[in-house]
Structures are given as C-alpha cells and as structure tokens.
Amino acid sequence: MKILIIGVSGFIGNSIYKNLIKHHEVFGISRSLLDLKNCFKVDLYNLEELDLFFNKYDFDIIINLASRMANKNNLNDFSLFEDNLLMSKNLINVLQKKEDLHLINFSSSAVYPNVSGIFNEDDSIDPSVNGDCLYGLSKFNNEMLFSYFLKKLSILNLRVGYVHGNGMNESRIHKVFENELKEKNKITIWGNGERCFPQISIEYLNSILLNIIENHMTGTYNLAEENISLSDLAKKYIKLYGNNNSEIILNTKYKNNNVFEMRLDNLHNSLKK
C-alpha cells in the first residue's frame, strides 16, 4: 500500500516512517526537509503548496500527525489553537477531492478532562478541565471536522496517550525523570505520586499501527499501553538507571493527584475480531 505520513519529521512520525517502510511504500511531508526517501518539505499552513503536492500524488492511507504541540510557554496562547485549525482546514480542502482513502488521525488523551476516573470513548469530552485545553480542543476539533467534511473517506481517530521511547523530546516526563536520576540520583515528583496517566511506548505504537492498517479500522479509539502512576514510573526508571541510594522526592505542595486512566480494551478487542 502507498502511505503518506503528515508530520514525518516529529518523534512519532519519524519512527512510524522507519517501521512502515519495511512493509509498504511510504511517503512523508513536514515543514522541515528530511534526508529520507520520498519525504518532502510541504507547509501545511500554505493551501496552494499542499494542493500542488496532493495533485501530484495519490495514496491509499494517510496518517495525520500534523500538530503544533503544547508546551509550558504556549498553553494559553490562542495561536496554538488557530494554527492547528488552519492546518486542519487546509488538509480538509485537499482531501475533499479524494475518495477511497483511509485517514488515520492521531488525536490525544488531552480531549478528556484531567480529573480522576476511567475514561472510555463514549465518555464526555471536556478539555476545559485540562491544562492542555487549547491543544485538546484542537485535537477534538479535528475529529469532528474530519468526520463532517470528509464523509467519502474511511476515518480512524486514535486518542493517544503519552508516547515515550528513543528520540522523544527532553521535556517529556520520562526524560525529565531519567535526566534528574542520572544527574542527581533522585527523582522529584510534584504531588503525592498517585497521579496516573496513560502511556505507550513507540515500539508498541508501531506494532499496533501495523495491525490497524491490516484491519482497515475505522471509528474512534483510545490508544495506550498501560495506565501508570508517577510513583510507579519513577520506580521503573530507578530500576533501569538508579541504585540502592536513589531517592524519590515528593513535593506535596502540588495538588494535582488525579488518578486519570483511559480504558484500553476497546481497540485491542476490535483488532482480535
């Protein structure tokens, strides 16, 4: 099959490319130029540039990872939402001309409220109760806008948890824990350590994606490997990189101790059918 990865230069996109190219004919586009076969620099903010690319190539599957990511400096910056909306709008404009195409859209666990509970795909969406509100809202917008405007396509939305692995950004909690442990032989946790979140290794994500492509899945699913507390994550890193003198320091002044978990069985049960 002929597959296009939108956002191929990112941590997830680059890993997916290197895995899928072993099995399929894979193309990629991103705002930065990569020295990878069939990968091109295309600005998703530029409709004309995007249109020219899609007029030149046809694909069986499109994997959409395009997103301006949230960070501590832009969480409440409306340009985060506006930029993501513009990319989605331009993508919709070019894909409305296509038929018989499978769109795999990477959404996020940030669409759910950051409160204690176990969330499945039928639960209420409320990114306003989430520090990543604008990012989560932009991801949910994608789900809704693609479903509304791209009815000729087969669409799968994956609400992905925290992806970790080689090549991940230094700001990810996994790298923060690892780096502090290596430098100071301790891990500092903001809160009581019970805060829970869904995570997925990049290796597991790649294996699941191959099954998704093979089964031509559609719908909306949570995608994570496990729900883990910050304390348990810290213990894992101490086992990997620490020693008998390694410490876990709890800063209990931080009050976010929500045990947020995603129900993980729906996607896996569907793959087994």
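This one's a predicted model, so the numbers in the text were calculated from it and none came from an experiment.

Enquirer: What am I meant to see in the overall build of the chain here?
Expert: Regarding its fold elements, the chain presents 8 helices and 14 strands. Here the C-alpha radius of gyration of the chain, 19 Å, is about what a compact globule of 273 residues would show, namely 19 Å. A principal-axis box enclosing the C-alpha atoms of the chain has dimensions of 60 × 40 × 40 Å. Here the chain holds 273 residues, and 48% of them are scored as buried. In the chain, 74% of the contacts between residues at least 6 apart in sequence involve partners at least 24 apart. Working note: accessible area of the chain is about 13,600 Å², and carbon and sulfur atoms make up 48% of it. Side chains of the chain give 30 positive and 32 negative charges; the mean places of these two sets differ by 3 Å.

Enquirer: Please clarify how the sheet that holds strand β12 (residues 226-229) should be interpreted in this entry.
Expert: Within a sheet, adjacent strands bond to each other through the backbone by hydrogen bonds, running parallel or antiparallel. Within the open sheet, the 3 strands sit side by side as β8-β10-β12. Their pairing is mixed. Two strands bound the open sheet, and with one partner strand each, they are β8 (162-164) and β12. Between one strand axis and the next, the sheet turns through 45° on average, direction left out of account. For β8 and strand β10 (residues 196-201), the ladder comprises 3 bridges, and the chain directions are parallel. Paired with Val163 across the bridge in β10 is Ile200.

Enquirer: Looking at this structure, how should I read helix α1 (residues 11-20)?
Expert: Since one α-helical turn is 3.6 residues long, residues separated by three or four positions face the same way. Within α1, 7 of the 10 residues are buried, which leaves it mostly tucked inside the rest of the structure. Residues of α1 that are buried include every one of Ile12, Gly13, Asn14, Ile16, Tyr17, Asn19 and Leu20, and no others.

Enquirer: I keep staring at the sheet that holds strand β1 (residues 2-6) and nothing clicks. Help me out?
Expert: Strand order across the open sheet formed by 7 strands is β3-β2-β1-β4-β5-β7-β11, with parallel pairing between neighbours. The sheet is open, and its two borders are formed by β3 (39-41) and β11 (219-223), each paired with just one other strand. Ignoring strand direction, the axes of neighbouring strands in this sheet form an average angle of 20°. For strand β7 (residues 154-160) and β11, the ladder comprises 5 bridges, and the chain directions are parallel. Of the residues in β11, the one forming a bridge with Asn157 is Thr220. In the packing of helix α6 (residues 202-215) onto the sheet, the strands contacted are β1, β4 (61-64), β5 (102-108), β7 and β11, and the crossing angle to β5 comes to about 145°.

Enquirer: Would you mind going over the packing of aromatic side chains with me for this structure?
Expert: Two aromatic rings, taken as a pair, are described by how far apart their centres are and by the angle between their planes. Throughout the structure, instances matching the rule amount to 15 aromatic pairs. Note on Phe40 and Phe53: the rings are 5.9 Å apart at their centroids and 55° apart in plane angle, and the pair reads as tilted. With Phe40 in strand β3 and Phe53 in helix α2 (residues 47-56), this residue pair connects regions lying 13 residues apart in the sequence. Here the aromatic rings of Tyr162 and Phe197 are separated by 5.0 Å at their centres, their planes lie at 75°, and the arrangement is edge-to-face. Here the residue Tyr162 occupies a position in strand β8, and Phe197 occupies one in strand β10, the gap between them amounting to 35 residues. Pairwise contacts between aromatic rings join Phe27, Phe40, Phe53, Phe54, Tyr57 and Phe59 into one cluster.

Enquirer: Would you mind going over the packing of α1 against α6 with me for this structure?
Expert: Relative orientation and spacing of two packed helices are given, respectively, by the angle between their axes and the distance between those axes. As a packed pair, α1 and α6 sit with axes 10 Å apart at the nearest point and diverge in direction by 55°. Compared by their axis directions, α1 and α6 come out oblique. Between α1 and α6 lies a crossing of right-handed hand. Contact with α1, carried on its side by Phe11, Ile12, Ser15, Ile16, Asn19 and Leu20, involves Ile202, Leu205, Asn206, Leu209, Leu210 and Ile213 of α6 and no other residues of that element. When its residues are assigned to classes, the contact of α1 with α6 shows 9 nonpolar, 3 polar and no charged.

What counts and what doesn't
Residues numbered from 1 in each chain as written. Predicted model: local features only at pLDDT ≥ 70, side-chain atom pairs only at ≥ 80, totals over all residues. Heavy atoms only, no water. Helix = DSSP H or I, 4+ residues; strand = E, 2+ residues; numbered from the N terminus. Rg over C-alpha atoms; globule rule 2.2 N^0.38 Å. Buried < 20%, exposed > 50% of the residue type's maximum accessible area, 1.4 Å probe, protein only. Contact = heavy atoms within 4.5 Å. Areas by Shrake-Rupley, 256 points an atom, 1.4 Å probe, with all protein chains shown as cover. Lys, Arg positive; Asp, Glu negative; His and termini not counted. Charge placed at Lys NZ, Arg CZ, Asp CG, Glu CD. Pairing = 2+ DSSP bridges. Axes fitted to C-alpha atoms, helices over the stretch in contact; angles between N-to-C directions. Phe/Tyr/Trp six-rings, centres within 6.5 Å; stacked < 30°, edge-to-face > 60°. Parallel < 35°, antiparallel > 145°, perpendicular 65-115°, else oblique. Left-handed = near helix turned anticlockwise from the far one by under 90°. Nonpolar A, V, L, I, M, F, W, Y, C, P; charged D, E, K, R; others polar.

Spatial relationships are all this shows, so hold off on functional conclusions.
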